[in-house]
Amino acid sequence: MGDRVLIGSCAGTLYALDRKTGEVRWSYDIKKDGDQTSFHGNPLITNELIIIGTDGSGPQGVGHVYAFERVTGKVRWKYKLTRGVPNGRGVPTHIVGLGSSVYGVAFGDELLCLDLKTGRLNWSFQSEFSRSEFQWSNAPAVAGGRVFFGGVDGNLYALDAQTGKAIWKRALGSRISTHVIIADNSLYLGAADNRLYRINPNTGSVVASFSASATPVGTISHIGKSLIVFLNPKGGAGGAATLVCLDNQLTKVQWSQSVAEGWSLTRAPLWRGSVLAGSETGDVIAYSLTDGEKQWSHKFKGVIRSIGGGSDDVLYIGTLSGMVYAFVAK
C-alpha cells in the first residue's frame, strides 16, 4: 500500500507498517468493538480507504466491515454484522468493489452490498444455505455490472450489482470450495466434488471442467495461460496437500508440488516469475511457473500465513508466531 505494509493479526489488531523500516505508523484494535479477533480476507484499497472484514467465533462473536482512512487509520465507517451462524459472525472473505459499492460474504453465506462512502447496506442476498450449519463462505467477483457469488449451497449466482436481483443461477451439485475469479472473459472456481470449472459469465453455462485428485481450496491464481490452485483431500477451507498448475482451458495438470507437512497458505502469488507457496513448518518456496522446478526456499520462524510482494526487491512475510519479515531473495 504505497510506502506501507498492511497486516491484520490474529490477536485482533490491524497494523500499517513503514515499508522500509517496519515501524508502526498506525494500528487499530478491533476488540474494542466487541468479541472479534480475526482478519481472514484481503482488503479493498482505494485512493482514500482500506475496507476490510473481521469476524469472531462463539455465541458472543461479532464482526464488522471497516473503512479505515489510509493515512491515519481513523475509522471512516463500520458496519456491524447482526446475523450469522451459531459459531460466529462477520465477513471472513476478501472485500471487492465496483463503482460506489463494496461486496463481501458473511458467515451464513449472505452476500452484502455496502455503500463505499457511508457503509450503508444497499442490499443483501442469501444463498439456499441453512444458517444452522457452519461453513466458510467464498469471496465474490465483480465485472460488467454483475456480482458473481459461489454459494456453499452448490449454486453459482450472477446478480445485478446495483439491485441484487438474480440474473441467473447455475447448480453445480456440490459446495463451492474456492473463491470465484474472473479471467479470460470466464469465471473460474472449484467445488467440493473435486472439480474445477470454467463458466460463461453471461449465461452461466459450463465451458469446461476438470476432475482433480482432491478438493480445490482457497484462491485460484490466473497467471498467463496457467491456473494455480491448491488441493485439499480433507476438503476444508484451511491448508492443502498439493499445489497444482493447470492450463487455463482445464485440460491437463502441467505440474504439481507437495511438501510433507502441507501448505498453510492457499494462495500462491507470482513474484519475479516464480510461484510462491508457504508451508506449515515456515518454508516459503519459489517454483518456476513454466515447469514447477524449485528455484529457492527460505525457512522462517512460524507457520506462514501471508505473502505480499510490495516490489521486485522485497517480499513481506507474515507468520503465525506473530512476526512480520521483509525478505530479499538472493
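Residues numbered from 1 in each chain as written. Predicted model: local features only at pLDDT ≥ 70, side-chain atom pairs only at ≥ 80, totals over all residues. Heavy atoms only, no water.

Engineer: Run through the sheet that holds strand β11 (residues 96–98), naming residues and quoting values.
Structural biologist: Reading across the sheet, the four strands line up as β11-β12-β13-β14 and stay open at both edges, with antiparallel pairing between neighbours. Pairing within the sheet leaves two strands with one partner each, and these edge strands are β11 and β14 (121–126). Within the sheet, the average angular offset between the axes of one strand and its neighbour, ignoring direction, is 25 degrees. Bridge count for strand β12 (residues 101–106) against strand β13 (residues 110–115) is six bridges, and the pairing is antiparallel. Bridge pairing in β13 links Gly-104 to Leu-112. (Pairing = 2+ DSSP bridges. Helix = DSSP H or I, 4+ residues; strand = E, 2+ residues; numbered from the N terminus. Axes fitted to C-alpha atoms, helices over the stretch in contact; angles between N-to-C directions.)

Engineer: So what's going on with the sheet that holds strand β33 (residues 324–327)? Which residues, and what values?
Structural biologist: Strands sit in the order β31-β32-β33 across an open sheet of three strands; the sheet is antiparallel. Whereas interior strands pair on both sides, the edge strands pair on one side only; in this sheet they are β31 (304–309) and β33. Neighbouring strand axes in the sheet, compared pairwise and without regard to direction, differ in orientation by 20 degrees on average.

Engineer: So what's going on with the environment of Lys-294? Residues and values would help.
Structural biologist: Counting through the fold element by element, Lys-294 comes out in strand β30 (residues 294–299). Along the chain, Lys-294 and Gly-90 lie 204 residues apart, while their C-alpha atoms are 38 Å from each other. Apart from residues no more than four positions distant in its own chain, Lys-294 is found in contact with Ile-285, Ala-286 and Tyr-287. A distance of 3.5 Å separates the side chain of Lys-294 from the side chain of Ser-297, its partner in a polar contact. (Contact = heavy atoms within 4.5 Å. Polar contact = N/O pair within 3.5 Å; in protein donor to acceptor, adjacent residues only side chain to side chain.)

Engineer: Help me get a handle on the pairing of strand β32 (residues 315–319), residues and values and all.
Structural biologist: For β32, the buried fraction is high: five of the five residues fall into the buried class. Residues Leu-315, Ile-317 and Thr-319 of β32 are buried on one face, and the alternating residues Tyr-316 and Gly-318, pointing to the opposite face, are buried as well. Looking at chain direction, β31 and β32 are connected through five bridges and run antiparallel. If you follow Ile-307 over to β32, its bridge partner there is Ile-317. Bridging between β32 and β33 involves four bridges; their strand directions are antiparallel. Looking at β33, one finds that Gly-318 is bridged to Val-324. Between β32 and β33, which follow one another and run antiparallel, lie four residues, and Gly-322 among them has a positive phi close to 100 degrees. (Buried < 20%, exposed > 50% of the residue type's maximum accessible area, 1.4 Å probe, protein only.)

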